[in-house]
Amino acid sequence: MKTVRTNTYRRLSARFAGLLVAAMLTFGFSSDALAQACEMPGSTALTAAGVVTSQTAAIAGMVTALTTAYNGGTMAAGATLIAALEGMETIINQRMRRFWRDWEEALKAMTTQLNAGVSDQARQMSNLFDSSNLTDTARGFQKAEIEAHANFRPTDAACRFDTAATYMATAGRTAQAASTALSQEMSNLGNAMPGTPAVNGTGAVLNSRFQVYRNRFCDHLANAGGTACGGASATAPNAHIMPSVTLFGRETIDMTNADTLAAVNELVYNITGYKPPETIDPQVLTSPMGKESRLDNRAYLAQMDAINALAFSIVGERTPGPPGNGGLPSEVQQMRQRMGIGDASATPSEREIRQSIIEQLWDPAYYVNLTDGLTSVSQKEVFLQAYNLLLLYRMYEKTERIANANAIETANLLEKKSRPLREGGTRYVPVGN
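Calculation rules
Residues numbered from 1 in each chain as written. Predicted model: local features only at pLDDT ≥ 70, side-chain atom pairs only at ≥ 80, totals over all residues. Heavy atoms only, no water. Helix = DSSP H or I, 4+ residues; strand = E, 2+ residues; numbered from the N terminus. Contact = heavy atoms within 4.5 Å. Expected span 1.5 Å × (residues − 1). Buried < 20%, exposed > 50% of the residue type's maximum accessible area, 1.4 Å probe, protein only. Patch = residues over 30% accessible without salt bridge, like charges linked within 9 Å, V, L, I, M, F, W, Y side chains within 5 Å. Areas by Shrake-Rupley, 256 points an atom, 1.4 Å probe, with all protein chains shown as cover. Salt bridge = Lys/Arg side-chain N within 4 Å of Asp/Glu carboxyl O. Lys, Arg positive; Asp, Glu negative; His and termini not counted. Charge placed at Lys NZ, Arg CZ, Asp CG, Glu CD. Disulfide = S-S within 2.5 Å.

*Asks:* Lay out the side chain of S356 in plain terms, naming residues and giving numbers.
*Replies:* The topology assignment puts S356 in helix α10 (residues 350-360). With residues near it in sequence (within four places) discarded, S356 still touches V332 and R336.

*Asks:* Describe helix α4 (residues 202-217), naming the residues involved and giving the relevant values.
*Replies:* Look at α4: 21 Å from first C-alpha to last across 16 residues, which is about the 22 Å you get at 1.5 Å a residue. Considering only its buried residues, α4 is in contact with α3 (156-190) and α6 (258-272).

*Asks:* Outline α10, supporting the account with residue identities and numerical values.
*Replies:* Of all 11 residues in α10, 9 are buried, a share of seventy percent or more. Those residues of α10 lying buried are E350, E352, I353, R354, Q355, S356, I357, E359 and Q360.

*Asks:* Lay out unusual backbone geometry with the relevant residues and their values.
*Replies:* Backbone geometry places A224, a non-glycine residue, at a positive phi of 60°. By the element assignment, A224 lies in the loop between α4 and α5 (243-246). Even without glycine at this site, N238 takes up a positive phi of about 65°. Along the polypeptide, N238 turns up in the loop between α4 and α5. The exposure class assigned to N238 is buried, which follows from its relative accessible area of 19%.

*Asks:* How would you sum up the side chain of R354? Please name residues and give values.
*Replies:* Assignment of secondary structure puts R354 in helix α10. The class of R354 is buried, set by a relative accessible area of 10%. Setting aside residues up to four positions removed in sequence, R354 forms contacts with M168, E317, Y387, L391 and R394.

*Asks:* Lay out a positive patch on the surface with the relevant residues and their values.
*Replies:* There is a patch of like positive charges on the surface, built from R95, R97, R98 and R101. Mapping R101 onto the fold places it in helix α2 (residues 43-152).

*Asks:* Just give me the short version of the state of the cysteines, but keep the residues and values in it.
*Replies:* According to the stated counting rule, one finds 1 disulfide in the structure shown. What pairs with C218 in a disulfide is C229, and their sulfur atoms sit 1.4 Å apart. Handedness here is read from the sign of the S-S torsion; for C218 and C229, about -90°, the answer is left-handed. Placement of the pair is C218 in the loop between α4 and α5 and C229 in the loop between α4 and α5, with a sequence separation of 11 residues. Each of the two residues, C218 as well as C229, counts as buried.

*Asks:* How would you sum up the pattern of salt bridges? Please name residues and give values.
*Replies:* Summed over the entire model, instances satisfying the criterion amount to 15 salt bridges. Of the charged contacts in the structure, one is a salt bridge between K398 and E317, with a shortest N-O distance of 3.6 Å. A residue pair is termed long-range when its members are at least 10 positions apart, and K398 in helix α12 (residues 376-425) and E317 in helix α8 (residues 288-317) qualify at 81 residues. Classification of E317 as buried rests on a relative accessible area of 10%. Taken together, the shared-partner salt bridges connect E317, E350, R354, R394, E397 and K398 into one network.

That's the geometry; what it means functionally is another story.
Here it is, written out as structure tokens:
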């Protein structure tokens with residue numbers, strides 16, 4: 001466009017230069033009328049008028065030529081300029097349209113991206129808030145778990161107490177059943193039940209006991225060597241007269257051993273002085289004396305059962321309890337072995353389980369672990385209080401049996417003291433038939 005404009009200006013300049021040269025040639029070279037005074041009168045005016053007329057015509061022609069040239073050049077240049085401007089406008093419009101088309105898709109994509117960015121920013125901010133809330137919650141849980149773990153976590157002592165408690169319940173039922181069974185056996189013997197030596201009288205009972213002594217408890221060194229042992233001691237010499245060994249020597253008595261079981265029964269005979277009453281002939285039993293003897297036997301058996309219950313309670317507490325899970329040795333045995341007890345039973349009795357709890361108090365680690373957490377002391381205090389309650393309950397049981405035995409002893413003393421007085425007084429009192 002710049003080239004077209006320059007060429008137009010050049011052509012206009014050339015035309016104006018030509019017109020100026022012609023004007024100069026026409027007006028610049030005319031001479032003054034110096035010879036008018038020598039000319040004829042009137043001729044000068046005619047000549048001047050002719051010259052003026054011709055010059056006027058020349059000027060008019062020049063003006064027309066200049067106007068025509070100017071108008072033609074101007075119109076041509078204007079048309080050319082307008083055409084160039086229109087072409088430039090068309091080019092600019094086309095370029096702008098192309099420019100917009102090129103930018104339209106980019107602007108749309110940018111707008112889409114900006115909108116997506118705003119939405120994604122909101123999502124990211126929401127994720128940040130969610131993550132912050134989740135982190136705060138998780139940190140709160142972790143803090144609570146750490147505090148709970150520090151303050152309420154199970155300790156070794158707690159596990160040992162809990163483990164012993166599981167076996168204690170079963171062992172307690174076993175002890176009760178064993179004590180009841182042994183008492184029932186003595187009651188059957190005193191009642192001369194079928195299958196017992198007492199069916200054949202007290203002599204048969206004494207002979208049975210002697211055979212047991214000779215086969216199981218005889219000590220050939222006793223009585224200065226004069227015994228019925230046959231020169232050699234039996235399998236468990238003197239076990240029936242040594243409660244310190246047979247009953248109290250171990251925490252759990254091996255009741256599956258025939259010698260131990262027989263020694264326990266003989267110890268009860270020897271400690272209590274129990275003697276099964278003589279059998280009464282059925283014909284005599286209906287007589288007044290037979291009835292009185294029967295009642296005396298009943299009273300004696302009742303008193304002896306109360307006395308035997310004391311001894312059998314000791315045996316029952318030392319009767320082997322159940323094994324561990326799957327028939328394996330119990331954890332109580334492992335706890336006692338850890339404390340250095342070499343003869344811990346795989347089937348501990350109630351007495352041995354109680355002993356294992358006490359032995360834990362001898363472990364220095366028990367006191368070191370008191371600082372495990374804020375509640376370690378209170379936890380162990382609860383366990384010890386529970387164990388104290390258990391021991392107190394056992395003490396009540398023993399107290400009841402001891403009180404029953406004392407009542408029997410007191411009644412016998414009163415009976416022994418008051419019988420002569422009562423028997424003497426009945427001689428002066430009428431007795432109805």
